[in-house]
Amino acid sequence: MSGFDELFLKAKELANVAGNKAQELTELAKLRMQATQLKSDIDANYLKLGEIIYELNKAGAENEELIDMCIAEITAQLEELEALNAKIDEMKNVVKCPNCMAANPIGAIYCARCGAALKTEEKAEEPAQE
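What you see is a predicted model; the values in this text were computed from it and never measured.

Below, the discussion takes up the overall build of the protein. For the protein, the count of helices and strands is three helices and two strands. Secondary structure elements of the protein occur, N-terminal to C-terminal, as α-α-β-β-α. For 130 residues, the compact-globule estimate of 2.2 N^0.38 gives 14 Å, and the protein exceeds it by more than 25% at 24 Å. Taken over the C-alpha atoms alone, the protein extends approximately 85 × 45 × 30 Å along its principal axes. Within the protein, the fraction of its 130 residues that count as buried is 20%. Across the protein, contacts joining residues at least 24 apart in sequence account for 38% of those joining residues at least 6 apart. Just so you have it, the protein exposes about 10,300 Å², and 56% of that area is on carbon and sulfur atoms.

Below, the discussion takes up the packing of helix H1 (residues 3-59) against helix H2 (residues 64-91). Between H1 and H2, the shortest axis-to-axis distance is 9 Å and the interhelical angle comes to 160°. Viewed along their axes, H1 and H2 adopt a mutual orientation that is roughly antiparallel. Crossing hand, H1 versus H2: left-handed. Considering only residue class, the contact of H1 with H2 consists of 20 nonpolar, four polar and nine charged.

Residues other than glycine predominantly adopt negative phi, and peptide bonds predominantly adopt the trans conformation. In the Ramachandran plot, Asn93 falls in the positive-phi region, its phi being about 60° despite a non-glycine side chain. Within the fold, Asn93 resides in the loop between H2 and strand S1 (94-96).

Where charged atoms from two side chains of opposite charge approach closely, those side chains can pair. Summed over all chains, the structure comprises four salt bridges. A salt bridge links Lys21 to Glu24, with the nearest nitrogen and oxygen atoms 3.9 Å apart. With Lys21 and Glu24 both in helix H1 and three residues apart, the pair spans about one turn of that helix. The class of Glu24 is partly exposed, set by a relative accessible area of 41%. A salt bridge links Lys48 to Glu73; the nearest nitrogen and oxygen atoms lie 4.0 Å apart.

Analysis parameters
Residues numbered from 1 in each chain as written. Predicted model: local features only at pLDDT ≥ 70, side-chain atom pairs only at ≥ 80, totals over all residues. Heavy atoms only, no water. Helix = DSSP H or I, 4+ residues; strand = E, 2+ residues; numbered from the N terminus. Rg over C-alpha atoms; globule rule 2.2 N^0.38 Å. Buried < 20%, exposed > 50% of the residue type's maximum accessible area, 1.4 Å probe, protein only. Contact = heavy atoms within 4.5 Å. Areas by Shrake-Rupley, 256 points an atom, 1.4 Å probe, with all protein chains shown as cover. Axes fitted to C-alpha atoms, helices over the stretch in contact; angles between N-to-C directions. Parallel < 35°, antiparallel > 145°, perpendicular 65-115°, else oblique. Left-handed = near helix turned anticlockwise from the far one by under 90°. Nonpolar A, V, L, I, M, F, W, Y, C, P; charged D, E, K, R; others polar. Salt bridge = Lys/Arg side-chain N within 4 Å of Asp/Glu carboxyl O.

Below, the structure is given as structure tokens:
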């Protein structure tokens, strides 16, 4: 194989790597935009819930069904946001500290910010000793 062919293959390989990285960054940006929009929707629903409760109390009425429906919608949105954030963390190769929510590299045992023990895959997979 000639030097030119090797150079061409290396350039092609680098172009593929760059293309894959650009695709990952685009996907990450889309996920972040979705998370931002979802957070905005959640905030709007909190406001709507507060207005409903205010109006019901002002009128001296109760409507638990409507309040429960709003709470269920917010809960579902919060779960969706948590899943989006987990996917973002996975793409960034980080794990969040359960104590302070700081991002730490996957595989870290302790949080770099607060020192709390991080949950690791190995701990979850170990069988309980009897």
